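Chains, contacts and geometry: an overview
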Amino acid sequence: MWVDVFSSHSDITEAEDNHVDAQIRLMLGRYAGQIDKVEVYLLTDEDMVQASPQYHCTIRVGLKGFQAIEVKEVAGKASDAIDACAHRAKRYVKRALRFAG
């Protein structure tokens, strides 16, 4: 299973990249044989009106022989957005594979 991580800020640390990779492999590792590629997009919404930034996480899972699944989450912390989005991606992948088989 190939995991690509894209971020709106170019200074993503290796620790952040490793956290995203580990979370995706934890949530979707069971389905690795049926997944082509996982793309994770982490965007920061630093609006002047807000006191703290919002993190938007989008995960796109390419399933072999099926249409790609895309899920989105927003949270106040990057790790919360990633974790919630990974959980949702797992549920959607499980559902797609259950209905297919």
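Described below are features of the structure shown in this document. (Residues numbered from 1 in each chain as written. Predicted model: local features only at pLDDT ≥ 70, side-chain atom pairs only at ≥ 80, totals over all residues. Heavy atoms only, no water.)

If a strand is regular, its side chains alternate between the two faces of the sheet. Bridge analysis of strand β1 (residues 2–7) against strand β2 (residues 35–45) gives six bridges, and the strand direction is parallel. Of the residues in β2, the one forming a bridge with Asp4 is Glu39. Relative to strand β3 (residues 54–63), β2 is paired through ten bridges, and the arrangement is antiparallel. When the bridges of β3 are listed, Thr44 appears paired with Tyr55. (Pairing = 2+ DSSP bridges. Helix = DSSP H or I, 4+ residues; strand = E, 2+ residues; numbered from the N terminus.)

Of note, Arg30 is situated in the loop between α1 (14–28) and β2. Each C-alpha atom, one on Arg30 and one on Lys94, is 9.6 Å from the other, the two residues being 64 residues apart in sequence.

Our next topic: the pattern of salt bridges. All chains considered together, the criterion is met by seven salt bridges. We note a salt bridge from Glu70 to Arg60, for which the minimum N-O separation is 2.7 Å. Of the two residues, Glu70 is situated in strand β4 (residues 69–75) and Arg60 in strand β3; the sequence distance between them amounts to ten residues. Here Glu73 makes a salt bridge to Arg88, at a shortest N to O gap of 3.2 Å. Placement of the pair is Glu73 in strand β4 and Arg88 in helix α2 (residues 78–100), with a sequence separation of 15 residues. With relative accessibility at 28%, the residue Arg88 sits in the partly exposed group. Members of the salt-bridge network, linked through shared partners, are Asp4, Lys37, Glu39, Arg60, Glu70 and Lys72. (Salt bridge = Lys/Arg side-chain N within 4 Å of Asp/Glu carboxyl O. Buried < 20%, exposed > 50% of the residue type's maximum accessible area, 1.4 Å probe, protein only.)

Right, let's talk about α1 for a bit. With 15 residues, α1 should cover 21 Å at 1.5 Å per step; its first-to-last C-alpha distance of 21 Å lies within 8% of that length. Those residues of α1 not exposed but buried are Val20, Gln23, Ile24, Met27 and Leu28. The arc that holds every buried residue of α1, seen down its axis, measures 105°, which confines them to one face. Exposed residues pointing more than 90 degrees away from the buried face of α1 are listed as Glu14, Ala15 and Leu26. Contacts from the buried residues of α1 go to β1, β2, β3 and α2. (Expected span 1.5 Å × (residues − 1). Arc of directions from axis to C-beta. Contact = heavy atoms within 4.5 Å.)

Glancing now at α2. The first and last C-alpha atoms of α2 sit 33 Å apart over 23 residues, in line with the 33 Å expected at 1.5 Å per residue. For α2, the complete set of buried residues consists of Ala81, Ile82, Cys85, Ala86, Ala89, Val93 and Leu97. Structurally, α2 contributes buried residues whose contacts are with α1, β2, β3 and β4.

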